[in-house]
Amino acid sequence: MPSVKKYELSNKGEDSFMTKTNKVLTTAAIAMAAAGVAATGNTAVHADTDTPAPTTTKDTTPTPDAAVKAAQANVDQKQSDVDAATKADTAAQKVATAANAKVDAAKQQVTSAQTAEKTAAADQAKVAQNAADATPAKQAEVQKDIKTGEADVAAKTSAAKASASAVDTAKKAADSAKAAVTAAQNDVTTAQNDVNQKQTATAAAKTGNASGDINAAQSSVDQAMSQKQTADKDVESAQSAKTAADQQVATDNAAVIQAQTAADQADDAVNTAAAAKTAATTANTAAQNAVTAAQQSSSSSVTDSHLPNTVKWASDITKSDLDAFADTSSPKFDAAGAKISTSFSLNSYVNTPSDSKIEVPNAKAITPAMQLELAQFAADTINQIRAKTGQTKVVLSTGAMAMAQEIAAGYNSDNWNMWVNPGHDVSAITAAAKNYGYNSTDNYYEDMASAQSTISFVPEIAVMRNNTNNPDYNWIDNDTGAEGPHTYADVRASVWQGIINMMFDDAKSMYLHAADTMGYWNNPTMQYFGLSIDKFGQIHYIYLQDSPTYIADRDLATSKGVFTPAAAGATGSTDLAALTAKADATAKTLAAATTTLTKAQKQQTTARQTLTDAKNALVKSKSAASDAADKLAQATSAASSAAAKLASAQAALQALQTANSSAAASQAETVKAAEAALAAAKQTLASAQAVLTAKQADQQATDKAVTDAQTKADSDADAVAIAQKHVADLKQQLADMQNGDANLQAANAKLAAAKQAVTDAKDALTAAEAAAVKPNADAKATAAALTAAKQALAAAQTQLKTAQLNQYIDSLVHSRHDGMPVVKPEFKAATGEAVSVKPADFYDNTVKPEFKAAAGDAVSVKPEDFYDNTQAKGTPINLAKGDTDKQVALKPGSTQNAQAAPAAQATRGSQTNKSLAQLGDATSNLGALGMFALAMTSLLALVGFKKRQF
């Protein structure tokens, strides 16, 4: 069973509806709460009492408080200006960036299109030249050349075989020559040994030590006899090994010839099969294009009597956003899902008034004609979406429609209400899948929608959530508990809304409904569609892939009409069926041609490997035969040497025995005989050396003959390969000539499309550049405005700091203590110092604002430094209640005084004590909550969906 990706998906449409409702009610609740605060809030302002200061001169300078308020208001205004400028600049920069990005993309598109045009032009010129050359006479000439080339291949193959045989013959001659050299070398060695022995015998004869020499000579004879017997056995073994190796060489050579013939035949078969596949591909492409055109016409047809329902998209959604749905693991996937969700509010069902007059109280009331029209309507809606994404459009088929009806019947029989039984009725789906020849291990085919209405204005069919059976197939409104009334308009609206919700409101299902609806999930090359509605009002959207991954029994699926387009009124469905049948036939022809080519290529690979193996085996067997010949020559040479050595030893022994038996002969005669024997041995050695020299010359000649023969054999083999390549090129040339018109037509179409793409790209670039002019100017202006606003804000903030410092200084010095004077601002005593001041150094009630003491500093003065300005000047008073030596620490801004302050201490300037605004009393708060609760009771659970398993 094929491995199929599976996910469990679920989506409840009412969740998204509840979210939207909550947003509205929350806004309302906040508004009501704000109204309550305005009605019941309490702000207390308390003004402390104060003794008026004596009036001297009128000062028109703004008070420090007023200056701070004015400066703060100015800062607030400048900050508001900066915020507004920042917002405007951010928006303008974003628009400019987007516009410039479009310009860059358009430039790249122009470059790409121009490159594609150049390539297409070069290809078209080449194809056109080939088509021009493809005259009948030229084709006949090429066919004639093919026959001539094939004959040439045969002749060169025969010559190559003869050359290979000549190499073998030359190598055998070389082996013989080598063996002869070895034998001659052995003869020279034997003759040399004989000379050495005779020299020894001659020396012995001269010394008269014959008896000792006889014993040594006998020992040499025995040793030589043993060596000869061993050498004879080695020759016999080497001869057997060489015979076997020669036979293997002959066998492997025959195998190479046979494998070469098979490889040549496999090459011809591949060339023929490749040409057949090329022709089948061209025919199938044309047939499939015809089907696609017919399907688009069929799937987009909707009954003319219905108003169109067009799927709307947010203007900022790009093809790049949509393509993110092709990879669910991409980090862009969720972001793209959230972005397309903004299109949800743009789509609402457009009702045809006549549909509202057709009552459809239950599922039984849906006629076959309605069923087909609803399915066509759904397919058109889905194909609108897929036209936007560029994915394969669905095709309505009789088999898919019948399978959808069978699935709905299973839901009815199982009383499967998705609100009671969460998810899909997998058993019903898999049973139907099995009956239609599809994989029945799980639900790979169904998306499902169900509607739940709690408010009468929702125009969709619905059924109570706790309904576990619906024997009358009735659709019930929860708000009334009664049947309907429902019309055909409600049914069509439900079909439409189910698709729109799965497309644009699918966050709860991780946007996988959307990916499936757009055609990205499986990326099918052909997808058939069916639709049905069960007794609970649940809508079943059935997608059937034309893929071996999902089809378990294609013959059964075909017999059930899965691949047969459903009737589509006056849309040419008969033509579509004929075109589909033709496309199926061409697809089968293409599949058969592909199979044949694949088989031929496999056989070609096998034949080539067999040829390689045979050649490798031949090389190995020839190497083994050469080794066997070398060993035989060595063994033969060793045997000859052993024989010669034995003969020499025997002759020496015989000579010594003769010499010993002829004791009566004089030693002079013995010496003479030995010297004669030595002379004869030397003559034999000279003859053997002459023979060796001649044999070595022969070996050099035979080695050169082998090299020359191998060179010719390699050249002949290369000639065969070149001739075979020439024939293959001629056959491909003939195939190109025979398909010249089709190839030229395709090349012309490709070139025209490339030229149009260049024109479109240039137009798009011009439009993008024009569109970017104003955004860039706006961005430059808003950037300048933002800079100016920031500068103005900085200046206002500096003014505010200055005003706040003056206000703080004023708060330090504007402290009045009843009956007590304060020091003039010129009083500069440092911390811890005691400075004598005069009454003239004091003001009544108020100290000048120029007083510069910093916050927290303590100015230490003696009690005698203070005077009562209401008494005579120079009269001291006891500020420390008699303790005239105690120093008093006065902190700026403090109300501390050396003398007890009056109980009713007042603060100058009517400082304000403010309380926080209240949210209202218990009654008003409960009132707001009550209205909020009342609004919450109006929440609607709208539409729920369950995503199929994959």
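Residues numbered from 1 in each chain as written. Predicted model: local features only at pLDDT ≥ 70, side-chain atom pairs only at ≥ 80, totals over all residues. Heavy atoms only, no water.

### Points about the overall build of the protein
This is how the line gets drawn: Secondary structure counts use DSSP, requiring at least four H or I residues in a row for a helix and at least two E residues in a row for a strand, with both numbered from the N terminus. The buried label applies to any residue whose accessible area, calculated with a 1.4 Å probe on protein chains only, is under 20% of its type's maximum; exposed applies above 50%, and partly exposed to all values in between. Contacts are assigned to residue pairs that have any heavy atoms within 4.5 Å of one another. Per-residue and other accessible areas were derived by the Shrake-Rupley procedure at a 1.4 Å probe size, with only the shown protein chains allowed to occlude residues.
When you go through the protein residue by residue, the secondary structure sums to 16 helices and ten strands. With 950 residues in all, the protein has 38% of them scored as buried. For the protein, the proportion of contacts with a sequence separation of at least 24, taken over those separated by at least 6, is 84%. Summed over all atoms, the accessible surface of the protein reaches about 49500 Å², with 56% contributed by carbon and sulfur.

### So, the packing of helix α3 (residues 136-207) against helix α14 (residues 667-738)
Where we set the bar: To obtain an axis, a line is fitted to C-alpha atoms, over the contacting stretch when the element is a helix, and the angle between two such axes runs from 0 to 180 degrees between their N-to-C directions. These descriptions rest on fixed angle ranges, namely under 35 degrees for roughly parallel, over 145 for roughly antiparallel, 65 to 115 for roughly perpendicular, and the rest for oblique. Each crossing gets its hand from how the near helix is turned against the far one by less than a right angle, where anticlockwise is left-handed and clockwise is right-handed. Any residue that is not Ala, Val, Leu, Ile, Met, Phe, Trp, Tyr, Cys, Pro, Asp, Glu, Lys or Arg is counted as polar, Gly included; the first ten are nonpolar and the last four charged.
Two numbers describe how α3 lies on α14: the axes approach to 4 Å, and their chain directions differ by 165°. Between α3 and α14, the angle falls in the class roughly antiparallel. When you trace α3 past α14, the crossing you get is left-handed. In terms of residue class, the contact of α3 with α14 is made up of 41 nonpolar, 21 polar and 19 charged.

### Some details on the layout of surface pockets
A water-sized probe rolled over the atoms picks out the places where empty space is left. As a reminder of what qualifies: Using protein atoms alone on a 1 Å grid, points that fit a 1.4 Å probe yet trap it form a cavity, whereas open point sets bounded by protein on both sides within 12 Å along at least five of seven lines form a pocket; residues with an atom within 4 Å of a point count as lining. Grid points are joined across faces, edges and corners, and a volume is the space filled by probe spheres set on the points.
By volume, the second largest pocket is sized at about 680 Å³. If you trace the second largest pocket, you find 23 residues lining it, with Ala160, Ala164, Val256, Lys615 and Ala717 closest to the centre. Of all the secondary structure elements, the ones that give two or more residues to the lining of the second largest pocket are α3, α4 (210-299), α13 (573-661) and α14. Sorting elements by how many residues they give to the lining of the second largest pocket places α14 first, with seven residues.

### Some words on the packing of aromatic side chains
Where two aromatic rings form a pair, the distance of their centres and the angle of their planes describe that pair. To be explicit about the condition: Working definition: rings of Phe, Tyr and Trp (its six-membered ring) pair if their centres are within 6.5 Å, and the pair is stacked with planes under 30 degrees apart, edge-to-face with planes over 60 apart, and tilted otherwise. In this analysis the charged atom, NZ for Lys or CZ for Arg, is taken to sit over a ring once it is within 6 Å of the ring centre and within 35 degrees of the ring normal.
On inspection of all chains with the given rule, the structure shows nine aromatic pairs. Relative to Phe333, the ring of Phe325 has its centre 5.3 Å away and its plane inclined at 70°; by these criteria the two rings are edge-to-face. What makes Phe325 buried here is its relative accessible area of 1%. An aromatic cluster of three or more residues is present, and its members are Tyr438, Tyr444, Tyr445 and Tyr550. For Arg554, the ring lying beneath its charged end belongs to Phe563, and the centroid distance is 4.5 Å.

### Digging into helix α6 (residues 332-340)
Going by this rule: Note that the arc is defined by the directions from the helix axis to the C-beta atoms.
For α6, the set of buried residues is Phe333, Ala336, Gly337 and Ile340. Down the axis of α6, the sector holding all buried residues measures 105°, keeping them to one side. Buried residues along α6 sit against α5 (319-323), α10 (488-504) and α11 (512-517).

### So, the pairing of strand β5 (residues 539-545)
We apply this condition: When DSSP finds at least two bridges between two strands, those strands are taken to pair.
Of all seven residues that make up β5, seven are buried, and the element is covered over most of its length. In β5, alternate side chains face the same way, and those of Ile539, Tyr541, Tyr543 and Gln545 on one face and His540, Ile542 and Leu544 on the other are all buried. Of the pairings in the sheet, the one linking strand β4 (residues 527-533) to β5 comprises seven bridges and is antiparallel in character. Note on β5: the bridge partner recorded for Gly530 is Ile542. What sits between β4 and β5 in their antiparallel hairpin is a turn of five residues, with Gly537 showing a positive phi close to 85°.

### Observations regarding the confidence of the model for the protein
Short version of the rule: pLDDT expresses, on a scale from 0 to 100, how confident the predictor is about each individual residue.
In this model, the protein carries an average pLDDT of 77, and 72% of its residues clear a pLDDT of 70 or more. With pLDDT under 50 throughout, residues 295-304 is counted as low confidence; its partners more than four residues away or in other chains account for 19 contacts.

### Some words on the nonpolar core
Applicable threshold: Grouping buried Ala, Val, Leu, Ile, Met, Phe, Trp, Tyr and Cys residues that are joined through side-chain atoms within 4.5 Å yields what is termed a nonpolar core.
Judged by nonpolar contacts, the single largest core of 53 residues is most densely connected at Phe325, Ile340, Val491, Met518, Phe529, Leu531 and Tyr541. A total of ten residues in this core trace back to one element, the largest contributor, which is α10. Beyond its immediate stretch of four places on either side in the chain, Met518 contacts Leu322, Phe325, Ile340, Ile385, Arg386, Thr389, Gln391 and Met503. By size, the runner-up hydrophobic cluster in this structure holds 27 residues, among which are Trp416, Ala433, Tyr436 and Leu544.

### Structural notes on the pattern of salt bridges
Any two side chains of opposite charge can pair, given that their charged atoms come close. Rule in force here: For this analysis, a salt bridge means a side-chain nitrogen from Lys or Arg found within 4 Å of a carboxyl oxygen belonging to Asp or Glu.
Under the defined criterion, the tally for this structure stands at 18 salt bridges. In this structure, Lys774 and Asp778 form a salt bridge, with 2.7 Å as the shortest nitrogen-oxygen distance. Here Lys774 pairs with Asp778, and both are found in helix α15 (residues 740-813), just four residues apart, close to one helical turn. Judged by its relative accessible area of 32%, Asp778 is partly exposed. Each of Glu150, Asp268 and Lys731 takes part in one network of salt bridges that share partners.

### Section: the pairing of β4
Within β4, seven of the seven residues are buried, leaving the element largely enclosed by the surrounding structure. By the alternation rule, side chains of β4 split into Gln527, Phe529, Leu531 and Ile533 and Tyr528, Gly530 and Ser532, which are all buried. Of the pairings in the sheet, the one linking strand β2 (residues 394-396) to β4 comprises three bridges and is parallel in character. Bridge pairing in β4 places Val394 opposite Gln527.

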